[in-house]
2 protein chains.
Amino acid sequence: MRFFEDIALGERRETGSHVFTAEEIKRFAGAFDPQPFHTDEAAAAKSHFGALCASGWHTVAVWMKLHVRAVQEEDRMLREAGQPVARLGPSPGFEALKWLKPVYAGDTISFETEVTSRRPSRSRPEWGVITLENTGRNQAGEEVVSFTGHVFVERRDKTPPEPA
Amino acid sequence: MRFFEDIALGERRETGSHVFTAEEIKRFAGAFDPQPFHTDEAAAAKSHFGALCASGWHTVAVWMKLHVRAVQEEDRMLREAGQPVARLGPSPGFEALKWLKPVYAGDTISFETEVTSRRPSRSRPEWGVITLENTGRNQAGEEVVSFTGHVFVERRDKTPPEPA
């Protein structure tokens, strides 16, 4: 992770892409979301979705996998360049998780993140708080999922912010 | 699913309970959230969590599993009683997903749902919109996760609501 100071407002980054195969859609849904339109092609064809599609929770779990991979890759490159690696705090959660369109078997979903707010934490001066708008689009460019996250990122400058 | 008309404001229901074993915490995290405090006991002991704990996405995926099971069980009982079963529409998403405390290996999480709002859909008179506050508590009664969902539930009365 880069330090809070190195993350700019408005910055956009690609998180990664993933192909949702029928096999993994059915495997995830069998474990966590066993509704017929996620587990069975024939039943899905007769449902309001019209074809096998991924559990919404599968879509966001794949986003998490790509996000963790992107952060770990960034840390590796920083270490190779002899740069310090900032700590990333625990996630307090997410807001406004929207499943906008189905993710069908065979779809490729590409995720992107935009920094929409950044501020030093008042109560914990070693941390900054970053707000991220995450979106996933399918191969046709249609937005299929969006959600807003807040993360704590280590500050290089540990000075508490001035009172407002 | 019961019909919209049969679901009361303020109604609370248990969704189910689940024991998060170390094995399944590591299996989920290996696939979707490979951070050391979710995949390795020794690394987790040295992390800010202090012990192996579940990915937040694992916690909500297990909630989904229990929710689907509860709805399917309700449908089975309605059919056995010769009652009609209402359709449940696709979920448009969730709000305010908060991971409040870690879910550690061995923890039993019990989920509960409260109906906090209910209204007929203006644009689609065959559906009602229900807002649900979902919470998960550990065996000590501590809230570990909460989130707000909206679901479309079939109305028995398909009359459009009066204009406001």
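See the structure shown above.
Below is a short write-up of the structure. Quick caveat, the model's predicted, so the values are computed rather than measured.

Between chain A and chain B, the superposition needs a rotation of 180° and an axial shift of 0.0 Å, giving an RMSD of 0.0 Å. The transformation just described matches what one would write down for a two-fold rotation axis. When C-alpha positions in chain A are compared against the rotation axis, the closest is assigned to A:Glu95, at 2.5 Å. Here 100% of the interface residues in chain A have copies in chain B that are interface residues too; the copies meet face to matching face.

Next up on the list: the pattern of salt bridges. Residues and elements named next belong to chain B. Counting across every chain of the model gives 30 salt bridges over all chains. Of the charged contacts in the structure, one is a salt bridge between Lys-26 and Glu-41, with a shortest N-O distance of 3.0 Å. Residue Lys-26 is located in helix α1 (residues 22-32), and its partner Glu-41 is located in helix α3 (residues 41-46); the two are separated by 15 residues in the primary sequence. The exposure class of Glu-41 is partly exposed, given its relative accessible area of 39%.

On the chain B side, the residues contacting the 28 residues of chain A number 28 residues. Looking at the side of chain A facing chain B, the largest losses of area belong to A:Phe32, A:Trp57 and A:Phe94, adding up to 29% of the total buried there. Scanning the region where chain A abuts chain B turns up six residue pairs in polar contact (both at pLDDT 80 or more). Broken down by secondary-structure element, the contributors of at least two residues to the side of chain A that touches chain B are α1 (22-32), α4 (56-80) and β2 (93-99) of chain A. Grouping the amino acids of the side of chain A that touches chain B by side-chain chemistry returns 18 nonpolar, six polar and four charged. Bridge analysis of β2(A) against strand β2 (residues 93-99) of chain B gives four bridges, and the strand direction is antiparallel. The residue of β2(B) that forms the bridge with A:Leu97 is B:Phe94.

All right, on to the pairing of β2(A) then. Pairing geometry for β2(A) and strand β5 (residues 143-154) of chain A, over four bridges, is antiparallel. The partner of A:Lys98 across the bridge, within β5(A), is A:Ser146.

Glancing now at the side chain of B:Thr15. Residue and element names in this part refer to chain B. Summarising the element assignment, Thr-15 is placed in strand β1 (residues 12-19). Judged by its relative accessible area of 12%, Thr-15 falls in the buried class. Looking at Thr-15, its side chain comes within polar contact range of the side chain of Thr-113, at 3.4 Å. If sequence neighbours within four positions are ignored, Thr-15 has contacts with Trp-63, Leu-66, His-67, Ala-70, Phe-111, Glu-112 and Thr-113.

With that settled, the discussion passes to the sheet that holds strand β5 (residues 143-154) of chain B. Pairing between the strands of a sheet comes from backbone hydrogen bonds, and it takes one of two forms, parallel or antiparallel. Taken in spatial order, the 10 strands of this open sheet run β1(A)-β3(A)-β4(A)-β5(A)-β2(A)-β2(B)-β5(B)-β4(B)-β3(B)-β1(B), and their pairing is antiparallel. Looking along the sheet, the strands with just one partner apiece sit at the ends: β1 (12-19) of chain A together with β1 of chain B. On average, adjacent strands in this sheet sit at an angle of 20° to one another, irrespective of strand direction. Here β1(A) pairs with strand β3 (residues 108-120) of chain A via seven bridges, running antiparallel. The residue bridging A:Val19 from the neighbouring strand is A:Thr108, located in β3(A). Along the sheet, α4(A) contacts β1, β2, β3, β4 (127-137) and β5 of chain A together with β2 of chain B; its crossing angle with β1(A), the most-contacted strand, is approximately 125°.

One way to put it is that α4(A) packs onto α1(B) with a least axis distance of 7 Å and a crossing angle of 75°. Taken together, the axis directions place α4(A) and α1(B) in an arrangement best described as roughly perpendicular. Residues A:His58, A:Ala61, A:Val62, A:Met64 and A:Lys65 of α4(A) form the contact with α1(B), whose participating residues are B:Phe28, B:Ala31 and B:Phe32.

Quick notes on the rules
- Residues numbered from 1 in each chain as written.
- Chains lettered and ligands numbered in written order.
- Predicted model: local features only at pLDDT ≥ 70, side-chain atom pairs only at ≥ 80, totals over all residues.
- Heavy atoms only, no water.
- Least-squares fit on C-alpha atoms with pLDDT ≥ 70 in both.
- Contact = heavy atoms within 4.5 Å.
- Salt bridge = Lys/Arg side-chain N within 4 Å of Asp/Glu carboxyl O.
- Helix = DSSP H or I, 4+ residues; strand = E, 2+ residues; numbered from the N terminus.
- Buried < 20%, exposed > 50% of the residue type's maximum accessible area, 1.4 Å probe, protein only.
- Buried area = accessible area lost by both parts, 1.4 Å probe.
- Polar contact = N/O pair within 3.5 Å; in protein donor to acceptor, adjacent residues only side chain to side chain.
- Nonpolar A, V, L, I, M, F, W, Y, C, P; charged D, E, K, R; others polar.
- Pairing = 2+ DSSP bridges.
- Axes fitted to C-alpha atoms, helices over the stretch in contact; angles between N-to-C directions.
- Parallel < 35°, antiparallel > 145°, perpendicular 65-115°, else oblique.

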